[in-house]
Amino acid sequence: MLFLRSDLSQAESRIVYVLTHDPELLRIARSNPWEFDTHKFVGSCISGLPELEIVGERRQAYKKIAHGTHYDEQPPRISDSLLKDGFIFTPEECAKGQNRYLRRFPAIQGTYQFNIRMKLIRERKLTNSWGASIFFTHERLEPMLYRRGYAWIPQSEIGRLLNQRGFVPTDQFLLRNNMRSRINLQVHDEICLSTCPEEAWDVIRFIQESLYTEREYEGERLSIPIEYALETRYHSADVEFKRFPSKEEFEADFAKLWETRIR
């Protein structure tokens, strides 16, 4: 068996960008990963470096700074989080990067965070597009509470999408068709399955048809692209597909990796 990993591309950031209702951020949210690397672009905004230099570990580090900024994490906390992953950024460097990012896209604070904060003040609850709510009835209105709200919206949206349109229907599809393929993991914004040559194409096609779906977020429509990988080990990324492959391309790459596996 080989691992087939299905990863919602830059999912949380896309939700945040859509909920800013900002024209440029809406365009970025709806971009395709094979045409536009959001994390490189954002890394360039944060660092002031050319996009060509935002690669490898540097790209990952600036991605974490952007996520932290979306949720109003403070520079010392971001610095500590980066250090745990082996990236050395002082709180001052994190603050400077956050300020650059927010000057470039003021709607992250001015619309996204402001709207969530007002909902918490007025209603003491948040509700996502699936109708799920989280209540803060007896909690103190303070910055830490607001940060939980900023994070809850995109994280709950992606969790529900992956579960309701990914994990559950895929599991039912495998059982209904008496397949050998099995779901191994659902982690954050991805599903990982083990599959075989006879079933792999049917499985990936089903996931694409079920999970790649348009939803509406506060009046803004968004379909989150899915990136796929074939792997002999989890996250080895032996073969990657930034866009959904043709049957011929997928089966040829699967066969090559399968042969490598059984040698």
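Here the structure is shown first, and the text comes after it.
About the thresholds
- For every chain, the first residue of the written sequence is number 1, and numbering continues from 1 onward in sequence order.
- Note on the predicted model: pLDDT of at least 70 is required for a residue's local features to be given, and 80 or more for side-chain atom pairs to be given and counted; whole-chain, interface and lining totals, by contrast, use all residues.
- As a convention, hydrogens and water are excluded, and side-chain values are obtained from all of the structure's heavy atoms.
- Strands are runs of DSSP state E lasting at least 2 residues, helices are runs of H or I lasting at least 4, and numbering of each runs from the N terminus.
- C-alpha atoms define the radius of gyration, and 2.2 Å times the number of residues to the power 0.38 defines the globule rule.
- Only protein chains enter the accessibility calculation, which uses a 1.4 Å probe. A residue is then buried if its area is under 20% of the maximum for its type, exposed if over 50%, and partly exposed in between.
- Residue contacts follow a heavy-atom distance rule, with two residues in contact if any of their heavy atoms lie within 4.5 Å.
- Residue exposure ignores everything except the shown protein chains as possible cover, and the areas themselves are Shrake-Rupley values with a 1.4 Å probe.
- None of His or the chain ends enter the tally, which takes Lys and Arg as positive and Asp and Glu as negative.
- Here the site of a charge means NZ on Lys, CZ on Arg, CG on Asp, or CD on Glu.
- Each patch is assembled from residues with relative accessible area greater than 30% and no salt bridge, linking like charges that lie within 9 Å and nonpolar side chains (Val, Leu, Ile, Met, Phe, Trp, Tyr) that lie within 5 Å.
- Every case where a carboxyl oxygen of Asp or Glu lies within 4 Å of a side-chain nitrogen of Lys or Arg is listed as a salt bridge.
- Take the buried Ala, Val, Leu, Ile, Met, Phe, Trp, Tyr and Cys residues and link them wherever side-chain atoms come within 4.5 Å; each set so joined is a nonpolar core.
- Disulfides are defined as pairs of cysteine sulfur atoms found within 2.5 Å of each other.
- Between N-to-C directions, angles span 0 to 180 degrees; the directions come from axes that are lines fitted to C-alpha atoms, helices contributing only their stretch in contact.
- Here the word oblique covers every angle except those under 35 degrees (roughly parallel), over 145 (roughly antiparallel) and from 65 to 115 (roughly perpendicular).
- Gly is put with the polar residues, along with every residue not named as nonpolar or charged; the nonpolar set is Ala, Val, Leu, Ile, Met, Phe, Trp, Tyr, Cys and Pro, and the charged set is Asp, Glu, Lys and Arg.
- DSSP bridges decide pairing: two strands pair if at least two such bridges lie between them.

Trainee: Can you help me understand the overall build of the protein in this one?
Mentor: From N to C terminus, the protein includes ten helices and nine strands. Its C-alpha radius of gyration of 20 Å places the protein within 12% of the 18 Å reference for a compact globule of 263 residues. For the protein, the spread of C-alpha atoms along the three principal axes comes to 55 × 40 × 35 Å. Looking at the protein as a whole, 48% of its 263 residues are labelled buried. Considering only contacts in the protein between residues 6 or more positions apart, those separated by 24 or more positions represent 63%. Put simply, the protein shows about 13,300 Å² of open surface, and 47% of that area lies on carbon and sulfur atoms. Counting 38 positive and 39 negative side-chain charges, the protein places the averaged centre of each group 4 Å from the other.

Trainee: So what exactly am I meant to see when it comes to a nonpolar patch on the surface here?
Mentor: Together, L185, V187 and Y234 line one region of the surface with nonpolar side chains, adding up to about 210 Å² of accessible area. Residue placement: Y234 occurs in the loop between β8 (226–231) and β9 (239–241). The partly exposed category is assigned to Y234, whose relative accessible area is 33%.

Trainee: Would you explain the nonpolar core in this entry?
Mentor: Soluble, globular proteins show a tendency: their nonpolar side chains are buried together. Counting 73 residues, the largest nonpolar core has L8, Y17 and F250 as the members making the most contacts within it. With eleven residues, the top contributor of residues to this core is helix α8 (residues 143–176). If we skip the residues at most four places from it in the chain, L8 touches I158, L161, L162, D189, L211, I224, P225 and I226.

Trainee: Before we go on, may I ask you to explain helix α1 (residues 11–20) in this structure?
Mentor: Note on helix geometry: an α-helix contains 3.6 residues per turn, so any two residues three or four positions apart are oriented the same way. With ten of its ten residues buried, α1 lies for the most part within the structure. Taken residue by residue, α1 has A11, E12, S13, R14, I15, V16, Y17, V18, L19 and T20 as its buried positions.

Trainee: Is there a simple way to think about the state of the cysteines in this case?
Mentor: Should the sulfur atoms of two cysteines be covalently bonded, the bond is a disulfide. By the definition in use, this model includes zero disulfides. Looking at the unpaired C94, the closest cysteine sulfur is the one in C45, lying at 16 Å. For C94, a relative accessible area of 0% corresponds to the buried category. C196 provides the cysteine sulfur closest to C192, a residue in no disulfide bond, and the two sulfurs are 14 Å apart. Since its relative accessible area comes to 1%, C192 is described here as buried.

Trainee: Would you mind showing me how to read the pattern of salt bridges here?
Mentor: Any two side chains of opposite charge can pair, on the condition that their charged atoms come close. Following the criterion strictly, the structure yields 15 salt bridges and no others. Ionic pairing is found between E231 and R5, a salt bridge with its closest N-O pair at 2.5 Å. Here the residue E231 occupies a position in strand β8, and R5 occupies one in strand β1 (residues 2–8), the gap between them amounting to 226 residues. On the accessibility criterion, E231 (0% relative accessible area) is buried. Note that E218 is salt-bridged to K119, the shortest N-O span being 3.0 Å. A residue pair is termed long-range when its members are at least 10 positions apart, and E218 in the loop between β6 (214–217) and β7 (220–223) and K119 in helix α7 (residues 107–123) qualify at 99 residues. The exposure class of K119 is partly exposed, given its relative accessible area of 32%. Among the charged side chains, a salt-bridge network with shared partners connects R5, E190 and E231.

Trainee: Help me understand the packing of α1 against α7, please; the structure alone is not making it clear to me.
Mentor: Geometry of a packed helix pair, given as the angle between the helix axes and the separation of the axes. Contact pair α1 / α7: the axes reach a minimum separation of 8 Å and the direction vectors enclose 90°. Here α1 lies roughly perpendicular to α7, going by the angle between them. Each of V16, Y17, L19 and T20 in α1 lies in contact with α7, whose residues at this interface are A107, I108, T111 and Y112. Taken together, the residues of the contact of α1 with α7 sort by class into six nonpolar, two polar and no charged.

Trainee: Please explain the environment of A61 as it appears in this structure.
Mentor: Note on placement: A61 falls in helix α4 (residues 56–70). In this structure A61 touches L82, F87 and F89, once residues within four positions along its chain are discounted.

Trainee: Help me out: how do you make sense of the pairing of β1 in this one?
Mentor: Where a strand is regular, its side chains alternate between the two sheet faces. Counting buried residues in β1 gives five out of seven residues, a clear majority hidden from the surface. Note: β1 against strand β5 (residues 190–195), six bridges, orientation antiparallel. Bridge pairing links R5 to C192 in β5. As paired strands, β1 and β8 are joined by six bridges and run antiparallel to one another. In the strand pairing of β8, L8 is matched with I226.

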